[in-house]
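Here is what each chain is made of, one letter per residue.
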Amino acid sequence: KLMLNPFAYNAGVAGMDYSLSATGVFRRQWLGLDFTPITQEVNVHTPLAAIGGGLGLSFANDQFGAERNTRFGVSYAYHLTVGKGTLSLGARANLAQRGLDGAQLRTPEGVFVPGGAFDPRDPILPVVNETGTTNTFDVGVYYKNEVFELGVGVNNITESVVQLSDLSLTNSRTFSANASANFELTYALNIQPVVFVQSDLTQTQMAVGLMGE
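Summary of the structure given here. Model, not experiment: these values are computed from the prediction. (Residues numbered from 1 in each chain as written. Predicted model: local features only at pLDDT ≥ 70, side-chain atom pairs only at ≥ 80, totals over all residues. Heavy atoms only, no water.)

## Structural notes on the overall build of the protein
What the protein contains, in helices and strands, is zero helices and 15 strands. Based on the C-alpha atoms only, the size of the protein along its principal axes is roughly 70 × 35 × 30 Å. In the protein, which comprises 213 residues, the share counted as buried stands at 39%. In the protein, the proportion of contacts linking residues at least 24 apart, taken out of those at least 6 apart, comes to 50%. As displayed, the protein offers around 12,100 Å² of accessible surface, 61% of which is attributable to carbon and sulfur atoms. (Helix = DSSP H or I, 4+ residues; strand = E, 2+ residues; numbered from the N terminus. Buried < 20%, exposed > 50% of the residue type's maximum accessible area, 1.4 Å probe, protein only. Contact = heavy atoms within 4.5 Å. Areas by Shrake-Rupley, 256 points an atom, 1.4 Å probe, with all protein chains shown as cover.)

Next up, the structure:
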């Protein structure tokens with residue numbers, strides 16, 4: 001999904017579709033199991049000549065097991081004509097909330113208490129559902145012309161921390177890069193090879209795809 005929606009990880013994409021662009025994602029993995037990962041996303045962005053670039057809004061909610069991450073962001077990108085294409089410099093400010101539901105956690109030392117609740121017997125882990133809120137910031141650079149697109153984005157550049165009662169959760173800085181090219185095979189058929197890489201400098205993911213239209 002990230003390969004098809006670069007605005008989700010690169011604020012510089014705001015307005016680069018040259019028209020109003022709206023995308024929505026709902027994904028649920030491992031159906032039939034409890035506490036399966038769920039992702040919901042809505043992204044909207046548009047060019048605005050009056051401000052020399054583009055504006056965008058984004059919403060994302062990830063639920064995986066006992067943890068939930070929710071983010072709402074506002075993006076602005078400044079567009080420059082470079083060569084035969086457009087260079088976009090973008091920034092995004094996010095309100096980020098992270099939650100940890102202690103009722104879903106299990107530890108080797110924990111015990112069930114009357115009423116069916118589980119006490120993990122850990123001084124750090126919460127027993128109930130706790131949430132905390134912080135601000136995060138993203139930046140991105142994107143270049144696009146008729147032949148190729150290339151972008152680099154950095155999310156959570158300040159690595160802000162969400163503080164729960166006795167536990168701190170860090171929003172790790174992540175780096176993303178994508179590149180694609182457009183080959184017109186016939187009047188009615190174009191193909192686009194796409195490469196996407198994302199890393200937090202501890203783990204790296206890479207995807208390669210081929211799209212046609």
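## Points about the environment of Met211
Tracing the chain through its elements places Met211 in strand β15 (residues 204–212). Separated by 31 residues in the primary sequence, Met211 and Ser180 place their C-alpha atoms 9.7 Å from one another. Those residues in contact with Met211 that sit more than four places away from it in its chain are Leu4, Asn190, Ile191, Gln192 and Val194.

## Regarding a nonpolar patch on the surface
A cluster of nonpolar side chains, namely Leu48, Ile51, Leu55, Tyr76, Tyr78, Leu80, Val82, Leu89 and Val141, defines an oily patch on the protein surface of about 670 Å² accessible area. The topology assignment puts Val141 in strand β8 (residues 129–144). Since its relative accessible area comes to 40%, Val141 is described here as partly exposed. (Patch = residues over 30% accessible without salt bridge, like charges linked within 9 Å, V, L, I, M, F, W, Y side chains within 5 Å. Salt bridge = Lys/Arg side-chain N within 4 Å of Asp/Glu carboxyl O.)

## Re the packing of aromatic side chains
Working definition: an aromatic ring pair is given by the centre-to-centre distance plus the angle between the planes. Throughout the structure, instances matching the rule amount to two aromatic pairs. A ring pair is formed by Tyr9 and Phe196, whose centres lie 4.8 Å apart and whose planes are at 55 degrees; its orientation type is tilted. Taken together, the positions of Tyr9 in the segment before β1 (21–28) and Phe196 in strand β14 (residues 189–199) put the pair 187 residues apart, joining distant regions of the chain. A ring pair is formed by Tyr143 and Phe148, whose centres lie 5.7 Å apart and whose planes are at 40 degrees; its orientation type is tilted. The lysine or arginine in question, Arg92, covers the ring of Phe7, its NZ or CZ lying 5.0 Å from the ring centre. (Phe/Tyr/Trp six-rings, centres within 6.5 Å; stacked < 30°, edge-to-face > 60°. Lys NZ or Arg CZ within 6 Å of the ring centre and 35° of its normal.)

## Some words on the side chain of Ser180
One can find Ser180 in strand β12 (residues 174–181). The exposure class of Ser180 is buried, given its relative accessible area of 13%. The residues contacting Ser180, other than those within four sequence positions of it, are Val147, Phe148, Glu149, Pro193 and Val194.

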